[in-house]
Amino acid sequence: MPMIKTRDGTSLYAKDWGEGRPVILLHGWPLSADSWDDGALVLAEAGYRAIAYDRRGFGRSEQPYSGYEYDTLADDLADVIQATGAEDAALIGFSMGGGEVARYMSRHGGKGISQAGLIASVVPYMLKTDDNPDGTPQDTFDEMTKGMKEDRAKFFAHFFKTFFGISLMDHPTSDDEAHHAWVVAMQAGLKPTLDCAKAFATTDFRPDLASFRVPTLIVHGTADKTVPIDASARAAAAGIANATLIEYDGAPHGLFATHKDQLMADIKDFLAR
């Protein structure tokens, strides 16, 4: 199993597919690098080197008790970049992974990165506050925490239906896709799952936006109920210089599955610029 040791000794599982310019793919909560498999294969077949790893606490990576705030997660990313020797890389984060992109750009100066991507990302700030009125109320996150502590399996069974936009009248992806995501989510540790939920819900990335000094692609669904677009993609596009925002009309959160062909076409077009 290919493992990368971070500066605090945590082992992270990593995949490294293909040859060419590196594209580093960061997964969302509460999944693993496997959620990027379809996209990574497309990139590898297109002549890129697709690098994806399981965030600490998730998938096949180790599950330490601490280290789930974004400074440490950005340091983990820096250690992956160093271990893989990635240079002139594109850094693309989905959902929670967008926060790692933002914090890496500010905390590590965007070293080695020539393009960035925020896909259905939590950047710049999810929490509703007086100066962030389009954010998600704290009560919503409190209910999530309560649900995970009481019955995590039940909570995620419902969560992934919203995540993928599955309802009685609409199936943008299969029930099997949602079940697979549930299986992956249940492999994560409870402590990492709770701590990362707190991190993406409460971390304010607005100060990090000025650190994006490379072309940045932002993709988001207008019907995303997991990370609503107004406080995320639209705000990020307004605050990042040289950003390109693409909105998928009526699309839910899990774009890597529900709109994977369109998403990867847009990512490849962006990478080729």
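I will try to describe carefully the structure that is included in this document. (Residues numbered from 1 in each chain as written. Predicted model: local features only at pLDDT ≥ 70, side-chain atom pairs only at ≥ 80, totals over all residues. Heavy atoms only, no water.)

### A look at the overall build of the protein
- Looking only at helices and strands, one finds nine helices and eight strands in the protein.
- Taking 19 Å as the expected radius of gyration for a compact globule of 273 residues, we find that the protein reaches 17 Å, a close match to that expectation.
- Counting every position in the protein, which comprises 273 residues, the buried fraction comes to 56%.
- A fraction of 76% describes how many contacts in the protein between residues 6 or more apart in sequence connect residues 24 or more apart.
- On the protein, roughly 11300 Å² of surface is accessible, and the fraction owed to carbon and sulfur atoms is 50%.
- Side chains of the protein carry 26 positive and 39 negative charges; the gap between the two charge centres is 3 Å. (Helix = DSSP H or I, 4+ residues; strand = E, 2+ residues; numbered from the N terminus. Rg over C-alpha atoms; globule rule 2.2 N^0.38 Å. Buried < 20%, exposed > 50% of the residue type's maximum accessible area, 1.4 Å probe, protein only. Contact = heavy atoms within 4.5 Å. Areas by Shrake-Rupley, 256 points an atom, 1.4 Å probe, with all protein chains shown as cover. Lys, Arg positive; Asp, Glu negative; His and termini not counted. Charge placed at Lys NZ, Arg CZ, Asp CG, Glu CD.)

### Focus: the pattern of salt bridges
- The full count for this structure, using the stated rule, is 20 salt bridges.
- Linking Asp76 and Arg56 is a salt bridge whose minimum nitrogen-to-oxygen distance equals 2.6 Å. Highlighted residues: Asp76 in helix H2 (residues 70-84) and Arg56 in the loop between strand E4 (48-53) and H2, separated in sequence by 20 residues. Exposure class is identical for Asp76 and Arg56. Each is buried. (Salt bridge = Lys/Arg side-chain N within 4 Å of Asp/Glu carboxyl O.)

### Describing a negative patch on the surface
- On the surface, a cluster of negative charge is made up of Asp139, Asp142, Glu143, Glu150 and Asp151.
- Of note, Asp142 is situated in helix H4 (residues 138-164).
- Given a relative accessible area of 38%, Asp142 falls into the partly exposed group. (Patch = residues over 30% accessible without salt bridge, like charges linked within 9 Å, V, L, I, M, F, W, Y side chains within 5 Å.)

### Here's the deal with the environment of Asp195
- Among the secondary structure elements, Asp195 is positioned in helix H6 (residues 190-202).
- Separated by 156 residues in sequence, Asp195 and Gly39 have C-alpha atoms that sit 27 Å apart.
- Setting aside anything within four residues of it in sequence, one finds Asp195 in contact with Tyr65 and Tyr68.
- Here the side chain of Asp195 touches Lys191 through a polar contact of 2.6 Å, side chain to side chain. (Polar contact = N/O pair within 3.5 Å; in protein donor to acceptor, adjacent residues only side chain to side chain.)

### Focus on the sheet that holds strand E7 (residues 216-221)
- Reading across the sheet, the eight strands line up as E1-E2-E4-E3-E5-E6-E7-E8 and stay open at both edges, with mixed pairing between neighbours. Two strands lie at the open edges of the sheet, namely strand E1 (3-5) and strand E8 (243-248), each paired on one side alone. The average undirected angle you get between the axes of adjacent strands in this sheet is 20°.
- Across four bridges, the pairing between strand E3 (residues 21-26) and strand E5 (residues 89-94) is parallel. (Pairing = 2+ DSSP bridges. Axes fitted to C-alpha atoms, helices over the stretch in contact; angles between N-to-C directions.)

### What to know about the packing of aromatic side chains
- Inspection of the entire model under this criterion finds 17 aromatic pairs.
- With a centroid separation of 5.4 Å and 85° between ring planes, the pair formed by Trp29 and Phe159 is classed as edge-to-face. Taken together, the residues Trp29 in the loop between E3 and helix H1 (37-45) and Phe159 in helix H4 connect sequence positions 130 residues apart.
- Ring geometry for Phe163 and Phe164: centres 4.8 Å apart, planes at 70°, overall edge-to-face.
- Using a relative accessible area of 0% as the deciding quantity, one classes Phe164 as buried.
- Here the aromatic cluster, defined as three or more aromatic residues joined through ring pairs, consists of Trp29, Phe94, Phe155, Phe156, Phe159, Phe160, Phe163, Phe164, Phe200 and Phe256.
- The cationic tip of Lys191 hangs over the ring face of Tyr65; the distance from NZ or CZ to the ring centre is 3.9 Å. (Phe/Tyr/Trp six-rings, centres within 6.5 Å; stacked < 30°, edge-to-face > 60°. Lys NZ or Arg CZ within 6 Å of the ring centre and 35° of its normal.)

### Quick notes on the packing of H4 against helix H5 (residues 175-185)
- As a packed pair, H4 and H5 sit with axes 9 Å apart at the nearest point and diverge in direction by 135°. Judged by the inter-axis angle, H4 sits oblique to H5. With respect to the hand of their crossing, H4 and H5 are arranged in right-handed fashion. Within the contact between the two elements, H4 uses Arg152, Ala153, Phe156, Ala157, Phe160, Lys161 and Phe164 and H5 uses Asp175, Glu177, Ala178, Ala181, Trp182 and Ala185. (Parallel < 35°, antiparallel > 145°, perpendicular 65-115°, else oblique. Left-handed = near helix turned anticlockwise from the far one by under 90°.)

### Regarding helix H3 (residues 96-107)
- In this model H3 runs 17 Å from its N-terminal to its C-terminal C-alpha over twelve residues, within 8% of the 16 Å that 1.5 Å per residue would give.
- With ten of twelve residues buried, H3 lies mostly within the body of the structure.
- Those residues of H3 that sit buried are Met96, Gly97, Gly98, Gly99, Glu100, Val101, Ala102, Arg103, Tyr104 and Met105.
- Among the structural elements, E3, E4, H2, E5, strand E6 (113-119) and H6 are those in contact with the buried residues of H3.
- Positive phi appears at Gly109, one or two residues downstream of H3, with a value of about 65°. (Expected span 1.5 Å × (residues − 1).)

All we've got here are geometric facts, nothing functional implied.
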